[in-house]
Amino acid sequence: MIADTDVENPDASMRYGSVSSQVADVFEPPKATDSLVLLLHGGFWDDADRMRAWSAGHALAEAGHLTAAVEYRRGKGRWQDALDDVVQAIDQIQLSGREWTVHNEVPRCITVVGHSAGGQLALWAASRASLPTTSRWHAGDIQVTGAVVMAPLADLRRAAELGIGDGAAAAFLGGSPEQVPDNYAIADPSLLTPSVPVRMLHGPDDDVVPVEISERYAAHLRETGVTDWEFTAVDGADHRSWGDPSSPSWPTLTAAIESLTKAAQR
């Protein structure tokens, strides 16, 4: 998601932790809803521009979705901080939902939506039930009801092998898969299994995160017997399209979010 310097400020912001970057920007829909879109921006786990998700946040709110764009700790080797922040944000939003929204209830349904590196975090959040029970991030009730990801870094081992983003995956996890296999075993979505519905969107001609990454993750879901997932190759979508509500690809994203939100509310 690319920052738009002319975009309006969020409707509200909430702190979900004591660290300065532990903040979520809130975008209110016109009508009350008990469902939430939790938006996780990209930037190869290093870009500190929190405004990059604001255009998307406003557009999703206008489409009827209460949206929280979550900032998280980034930087080389800070994968554990990022995972901690995703979990803490979800927990705090559930605990204090009425305190940070004007006219909405505590979220009953949470759809995590992530772009690029944020897609990795969204898929990870959707897969926490498959983590080893000894992991501090394991949860039987993950609180998430669905995941929509756009051009996600869904296979960190392959991303590291290809050197995507100037070696972003290896920098994030502190080394290559051979050097720190335990880190990949916890953080790599392609080594985990989601317990909620997943929708993947990727442009075949994406020259930042190649569509191969999503195709490999789709093969992983197929091989592990996951049934409620869809992968859509969106012609004409480049890597920047997913943060631009005026792009031709945007309706595909909103339709995916709408389908999961409605399914979770039944």
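As the structure is a computational prediction, the values presented were derived from the model and not from experiment.

1. Things to note about unusual backbone geometry
Step number 1: Of note in the backbone geometry, Q143 takes a positive phi value of approximately 70 degrees without being a glycine.
Step number 2: Residue placement: Q143 occurs in the loop between α3 (117–125) and β6 (146–150).
Step number 3: In this structure, D166 is a non-glycine residue whose phi angle is positive, near 55 degrees.
Step number 4: Looking at the element boundaries, D166 is found in helix α5 (residues 164–173).

2. With respect to the sheet that holds strand β3 (residues 35–40)
Step number 1: Spatial ordering of the open sheet is given by β1-β2-β4-β3-β5-β6-β7-β8, a layout of 8 strands whose pairing is mixed. A single partner strand is all that each edge strand has here, and the edge strands are β1 (12–15) and β8 (229–233). Averaged over all neighbouring strand pairs, the angle between strand axes comes to 20 degrees, with direction disregarded.
Step number 2: Here β3 runs beside strand β4 (residues 66–70); their pairing, made up of 5 bridges, is parallel. Considered in β4, the bridge of L40 is made with V70.
Step number 3: Packed onto the sheet, α3 meets β3, β5 (109–115), β6 and β7 (198–202) and runs at close to 150 degrees relative to β5.

3. Let's talk about the environment of Q88
Step number 1: By the element assignment, Q88 lies in helix α2 (residues 79–95).
Step number 2: The residues touching Q88, leaving out its near neighbours within four places in the chain, are Y16, G17 and Q22.

4. Describing the nonpolar core
Step number 1: Core analysis: the largest hydrophobic core is formed by 60 residues, its most contacted members being L38, W45 and W124.
Step number 2: For this core, the element with the most residues is α2, which contributes 8 residues.
Step number 3: Residues in contact with W124, not counting those within four places in the same chain, are L83, V87, L131, W137, I186, A187, P189 and L192.
Step number 4: Membership of the second largest hydrophobic core comes to 24 residues, among which are V37, L39, L201 and L260.

5. Some words on α5
Step number 1: Of all the residues in α5, the buried ones are I164, A168, A169, F172 and L173. Buried residues of α5, seen end-on, are gathered within an arc of 90 degrees and therefore sit on one face of the element.
Step number 2: In the segment just after α5, G174 is the residue with positive phi, at about 85 degrees.

6. Considerations on empty space enclosed by the protein
Step number 1: For the coordinates displayed, the defined rule picks out 1 cavity of 30 Å³ or more.
Step number 2: In terms of lining residues, the largest cavity is bounded by V23, D25, H41, R50, W54, A69, V70 and E71.
Step number 3: For the lining of the largest cavity, the secondary structure elements donating two or more residues are β2 (23–27) and β4.
Step number 4: Class assignment of the residues belonging to the lining of the largest cavity gives a composition of 4 nonpolar, 1 polar and 3 charged.

7. Structural notes on the environment of I142
Step number 1: Here I142 lies in the loop between α3 and β6.
Step number 2: For the pair I142 and V112, spaced 30 residues apart in sequence, the C-alpha to C-alpha distance is 11 Å.
Step number 3: Each residue touching I142, except ones within four places of it in the same chain, is listed here: I90, A125, A126, R128, A129, S195 and V196.

8. Concerning the pairing of β7
Step number 1: Counting buried residues in β7 gives 5 out of 5 residues, a clear majority hidden from the surface.
Step number 2: Of the two faces of β7, both are covered, the one formed by V198, M200 and H202 as well as the one formed by R199 and L201.
Step number 3: Pairing of β7 with β8, which is carried by 5 bridges, proceeds in the parallel orientation. When the bridges of β8 are listed, M200 appears paired with F231.
Step number 4: You can see the chain leave β7, run along helix α7 (residues 212–223) and come back into β8, and the turn it takes is right-handed.

Calculation notes
Residues numbered from 1 in each chain as written. Predicted model: local features only at pLDDT ≥ 70, side-chain atom pairs only at ≥ 80, totals over all residues. Heavy atoms only, no water. Helix = DSSP H or I, 4+ residues; strand = E, 2+ residues; numbered from the N terminus. Pairing = 2+ DSSP bridges. Axes fitted to C-alpha atoms, helices over the stretch in contact; angles between N-to-C directions. Contact = heavy atoms within 4.5 Å. Core = buried A, V, L, I, M, F, W, Y, C linked by side-chain atoms within 4.5 Å. Buried < 20%, exposed > 50% of the residue type's maximum accessible area, 1.4 Å probe, protein only. Arc of directions from axis to C-beta. 1 Å grid on protein atoms, 1.4 Å probe; cavity = no way out; pocket = protein on both sides within 12 Å on 5 of 7 lines; lining within 4 Å. Points joined across faces, edges and corners; volume = space filled by probe spheres on them. Nonpolar A, V, L, I, M, F, W, Y, C, P; charged D, E, K, R; others polar. Right-handed = clockwise from strand over helix to strand, strands pointing away.

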